[in-house]
Amino acid sequence: MTTSTRRRAWSFDVLVVKICLILLCHPTGAGAFAPIHQRFAPNNQCYRQEELNTNTDSCCCLFQAQNRQTRIIGRSIALNVATDVASSSVSADAGGGGGSSSSSSHPIILERMRQLRSESMDYATSFGLSPSKEGAFYALFRAIRLEDFVRQQKPFVLRHDQVQNAMKLLSNNGSNDDDQSSVVAWPGFFSMKHLEKALEDDFLDAARGSTDNRKGWKITDVSVPRGESFEEARMTYEDVQAALEKGTVIFNAAGAHIPSLAGPTLACTDATALPCGLNLYITAAGQRTSAPPHTDKQDVVVIQSTGCKYWRVYSPPNPADKPLAEPFARGKMDDSLPLYMLEKDLGCQMLLETTLYPGDVLFIPAAFPHTTSTILPNSDRTDFEKETSIHLTMGFDHHIWDLDYLSVRRFALRRAGVVDTALGRTRDDENPYTGPCNELPAEVHNALFAELPLGFLEEDENSALLLEQVTKDVERISLAVDETTARQVPPEIWRESVERVRKHGMDLLETHRNMYLAALEEGRIREAEEAMTAHLNNDSSGGRKKVVMTPERIQRLSLFRVKRFFDEIDQAKKSLREWSWQGSNEATMTTSTVGSATVVASDPTAFAYGSTAQSSPTTAAVIKVGDQVEADLGGAFFPATVTRVSADNNSFDVQFFDGDRETGLTRSQVKLIAPAVVATQPEEVDTSHMTPKQLKRWRKQQEKLQQKS
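Heads up: these notes are all about the structure in this document. (Residues numbered from 1 in each chain as written. Predicted model: local features only at pLDDT ≥ 70, side-chain atom pairs only at ≥ 80, totals over all residues. Heavy atoms only, no water.)

1. A word on the overall build of the protein chain
The test is simple: Helix and strand labels come from DSSP, where a helix needs a run of H or I of at least four residues and a strand needs a run of E of at least two; each type is numbered from the N terminus. A 1.4 Å probe rolled over the protein chains alone gives each residue an accessible area, and that area as a share of the maximum for its type sets the label: buried under 20%, exposed over 50%, partly exposed in between. Contact between two residues is taken to exist if any of their heavy atoms lie within 4.5 Å; hydrogens are not considered. Every accessible area reported is derived by Shrake-Rupley at a probe size of 1.4 Å, with residue values counting cover from the shown protein chains alone.
Check the secondary structure of the protein chain and you find 25 helices and 25 strands. Burial statistics for the protein chain: of 709 residues in total, 56% are counted as buried. Across the protein chain, contacts joining residues at least 24 apart in sequence account for 77% of those joining residues at least 6 apart. When the accessible area of the protein chain is evaluated, it comes to approximately 29700 Å², of which 52% is carbon and sulfur surface.

2. Digging into the pattern of salt bridges
Basically, it comes down to this: Salt bridges are identified by distance alone: a Lys or Arg side-chain nitrogen within 4 Å of an Asp or Glu carboxyl oxygen.
Per the counting criterion, the structure on display carries 40 salt bridges. Across the pair Arg226 and Asp239 runs a salt bridge, and its minimum N-O distance is 3.1 Å. With Arg226 in the loop between strand E8 (219-221) and helix H8 (230-233) and Asp239 in helix H9 (residues 237-244), this residue pair connects regions lying 13 residues apart in the sequence. Overall, the relative accessible area of 16% leaves Asp239 in the buried class. Salt-bridge contacts for Arg427 lead to Asp429; the nearest nitrogen and oxygen are separated by 2.6 Å. On the basis of relative accessibility, which here comes to 4%, the residue Arg427 falls in the buried class.

3. Comments concerning the environment of Arg151
Along the chain, Arg151 falls in helix H5 (residues 149-152). Sequence spacing of Arg151 and Leu454 is 303 residues, and the spatial spacing of their C-alpha atoms is 8.3 Å.

4. A short note on the sheet that holds strand E16 (residues 370-373)
Which entries qualify depends on this criterion: One bridge is not enough; two strands pair if DSSP finds at least two bridges between them. Axis lines are fitted through C-alpha atoms, for helices just across the contact stretch, and the angle between N-to-C directions can take any value from 0 to 180 degrees.
The antiparallel open sheet is built from four strands, whose spatial order is E11-E16-E13-E14. Edge positions in the sheet fall to strand E11 (291-294) and strand E14 (350-356), since each has one partner strand and no second. Strand after strand, the sheet turns through a mean of 15 degrees between neighbouring axes, direction not considered. Pairing geometry for strand E13 (residues 309-314) and E16, over four bridges, is antiparallel.

5. A few points about the side chain of Arg500
The criterion, for reference: Here a polar contact is recorded for every N or O atom pair within 3.5 Å, except that within protein the pair must consist of a potential hydrogen donor and a potential acceptor, and residues adjacent in sequence are included only if both atoms are side-chain atoms.
Mapped onto the elements, Arg500 comes out in helix H18 (residues 491-532). Here Ser575 takes part through its side chain, which lies 3.0 Å from a polar atom of the side chain of Arg500. Setting aside residues no more than four positions away along its own chain, Arg500 makes contact with Ser575, Leu576 and Trp579.

6. Examining the packing of aromatic side chains
Rules: Only centres within 6.5 Å qualify two rings of Phe, Tyr or Trp (six-membered ring in Trp) as a pair; their planes then separate them into stacked at under 30 degrees, edge-to-face at over 60, and tilted for everything else.
Per the counting criterion, the structure on display carries twelve aromatic pairs. Ring centres of Phe141 and Phe396 lie 5.9 Å apart, and the angle between their planes is 50 degrees; on these two criteria the pair is classed as tilted. With Phe141 in helix H4 (residues 131-147) and Phe396 in strand E17 (residues 389-396), the pair connects residues that are 255 residues apart, well separated along the chain. Each member of the pair, Phe141 as well as Phe396, is classed as buried. Relative to Phe449, the ring of Tyr433 lies with its centre 5.6 Å away and its plane at 65 degrees, an arrangement referred to as edge-to-face. Note that Tyr433 is positioned in the loop between helix H14 (405-415) and helix H15 (442-449) and Phe449 in helix H15, a separation of 16 residues in sequence. No difference in accessibility class separates Tyr433 from Phe449, as the two residues are buried. The structure contains a cluster of three or more aromatic residues connected by ring pairs, namely Tyr123, Phe127 and Tyr138.

7. Details of the side chain of Gln164
Inspection of the secondary structure puts Gln164 in helix H6 (residues 160-166). Judged by its relative accessible area of 15%, Gln164 falls in the buried class. Among the polar contacts listed, one links the side chain of Gln164 to the backbone nitrogen of Val184, at a separation of 2.7 Å.

8. A closer look at the pairing of E16
Going residue by residue along E16, you find His370 and Thr372 tucked away on one face and Thr371 and Ser373 tucked away on the opposite face as well. Sheet topology places E11 next to E16; two bridges connect them, and they run antiparallel. Residue Ala291 lies in a different strand from E16, and its bridge partner there is Thr372.

9. A look at the sheet that holds strand E10 (residues 276-283)
With antiparallel pairing, the eight strands of this open sheet are ordered in space as E6-E15-E12-E17-E10-E9-E7-E8. Taken across any chain shown, the strands that pair with only one partner, and hence form the sheet edges, are strand E6 (156-158) and E8. Each strand axis lies, on average, 25 degrees off the axis of its neighbour in the sheet, ignoring direction. Two strands pair when backbone bridges link them, and strand E9 (residues 249-251) and E10 are joined in this way by three bridges, in the antiparallel orientation. Counterpart to Val249 in the pairing with E10 is Ile282. Across the sheet, helix H11 (residues 259-272) is in contact with E10 and E17; its angle to E10 comes to roughly 140 degrees.

10. Section: the packing of H11 against H18
Rule in force here: By definition in this entry, angles of less than 35 degrees are roughly parallel, angles greater than 145 are roughly antiparallel, angles of 65 to 115 are roughly perpendicular, and the rest are oblique. Handedness of a crossing is defined here by the sense of rotation of the near helix relative to the far one, left-handed for an anticlockwise turn of less than a right angle and right-handed for a clockwise turn. Gly is placed with the polar residues, together with every amino acid not listed as nonpolar (Ala, Val, Leu, Ile, Met, Phe, Trp, Tyr, Cys and Pro) or charged (Asp, Glu, Lys and Arg).
Where H11 contacts H18, the axes come no closer than 8 Å and their chain directions differ by 150 degrees. One element, H11, and the other, H18, form an angle in the roughly antiparallel class. Between H11 and H18 lies a crossing of left-handed hand. In this structure, H11 contributes Pro259, Ala262, Gly263, Thr265, Leu266, Thr269 and Asp270 to the contact, and H18 contributes Leu509, Arg513, Tyr516, Leu517, Ala519, Leu520, Glu522, Gly523 and Arg526. Grouping the amino acids of the contact of H11 with H18 by side-chain chemistry returns eight nonpolar, four polar and four charged.

11. Some thoughts on H4
The buried fraction of H4 amounts to 13 of the 17 residues, a majority that puts the element mostly inside the structure. Phi turns positive, to about 55 degrees, at Asp148, one or two residues after H4.

12. A few points about the environment of Thr421
Mapped onto the elements, Thr421 comes out in the loop between H14 and H15. Taking relative accessible area as the criterion, Thr421 reaches 44% and is therefore assigned partly exposed. The sequence separation of Thr421 and Thr484 amounts to 63 residues, and the corresponding C-alpha distance is 9.0 Å.

13. A look at the nonpolar core
For the record, the criterion: What makes a nonpolar core is a set of buried Ala, Val, Leu, Ile, Met, Phe, Trp, Tyr and Cys residues whose side-chain atoms join them at distances within 4.5 Å.
If you look at the biggest cluster of nonpolar residues, it comprises 115 residues, and the most contacted ones within it are Leu140, Phe141, Ile144, Phe251 and Val301. The leading source of residues in this core is H18, at eleven residues. Non-local contacts of Ile144, meaning those with residues more than four positions away in its chain, are made with Ile109, Phe149, Val150, Phe156, Val301, Phe396 and Leu454.

14. Digging into the state of the cysteines
Our working definition: Criterion for a disulfide: a pair of cysteine sulfur atoms within 2.5 Å.
Counted under the stated rule, the structure contains zero disulfides. Cys268 forms no disulfide, and the closest cysteine sulfur to it belongs to Cys276, at a distance of 3.6 Å. Classification of Cys268 by relative accessible area gives buried; the value is 1%.

In short, geometric facts, not functional conclusions.
What follows is the structure, encoded as structure tokens:
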């Protein structure tokens, strides 16, 4: 069956289901599939909806009718019809907490948090944490997990007073406890004072984001070593203050490095049964653009700690408009996504406009463009507007850790030895979220890019049923993507691949939990040491003396503590990819077209992560500026581009996919992803898998090359 025939067949099937859905939900006959860039209500309509759930054996997808629009999101054999019951706009509300209208918050989440009060208190006390801090974090993320709000892909806001009312903790006698211990202590949870102490106690690193809203978001280092000694190499509080004058300062993986942030990160991880992370964002007051419009690879929950920040969230652009751009990394690096382009050229609609104040919560799905500022429109809350803004961003890292349907399909095809002629991007150095996958019909694209359901990594009475359902969904979605390749995969391979990805996720979950527990333990050790030496740490003026870094304490610094966990993460990634290649004809499976050249790899796992053998071409080859590599970032290896090479080819600077940079890496810290590209004649290039658009683009490239020659 040809591609066009398959698409017509798919369109016919969709048409039949659409007609059935229209008859069921809309007697007037209105309704249509929403394209990816119009997933939500037009004209900024709010999201408060009533939902009807009707099970049916004849439907293989989960549908949501939103504002008389329908979208396949490919999850279970259920028909989910959601109809709007409100039409008020989502706009800034300076007087009522400075945020969106109440309709953009979710009473379902608040009610679930109320039900989880006792469980969250027990969780916090079991780890020696605060019920009003980490306990409340656990309740929030457990509520999101149980209500499956990540899968619903709707941004929402919760105000601190709403959370406070929901989380009035219960005293031991079962009554409401109204004393100060019951206050949800998210405002001021992490402040500049806490940051100053964290920098004094440890050896931390940070990046600074660009502020030009006409260009892609780029990241530079906050500081560079001033010398070779330990103290000269450390980033200081003064370095951060200087960087804040130029842009937002970002501490990636702060939950692993800063003990006081490990508790919330552990709570998020345990509540969702997902390997999650926490980043810390600090912005000076009065920044017109603290982050240019961009998208992220994670679904994120933002908790404002100090100061305030103005947010605008948009519907995703249509990925088919720029298929070679990753939907999860729009507006980053060289991909510009200015506001005028979002609103006019790409047709993205503002879904939510709000200002977050201390204790407020915002949820943003992955791939949804957003931009921020610390200059507030029409605000009378000047008490917060002059403060430095600090917010915590918790990430649901499904796509980071291959916990989505696209990844499972990719691994299953490899495991079965089937060449992916539909989507390509077979090699480990190729970004699977770019290219032909972004030109699929919107319904198929959404289903393919969907995260595996929260709870997939949990061990409970529903595990077997969920595993079976995910297996069916992967096979069904793969058939919708391309029937020819999907039919070549034996049923047992689909099941085996789902089980292997689940094991991979569970291993990562355990590693992340241990990493955060280790950070908590380090925090307790530091507190005990400070208590023991408190009488020695005050100077004559009553101030606090600088922490002395003894050799023993240096060995406990986060860069050493975290490295072993990042090594485990790197090994888990490598192991999964090695497993997926087993049973494949490696030379055939890794032959790939890159422009007008063909690359053939005899050992795909070697180029993806570097071979442990010293004779590997990935470690012996000369590395040049512009090469795609995997570079050491705190002990784990991640894709990056080489930006500088020393004259002796022994020192390298790299830039990671999210714009973060590392400088002065040694040869052992940089692994060449792919060997040198060997050019061939244009007629040797296999163009059978290319779409008409890609073929046209490729031919133009050949014409330019011929003109140059």
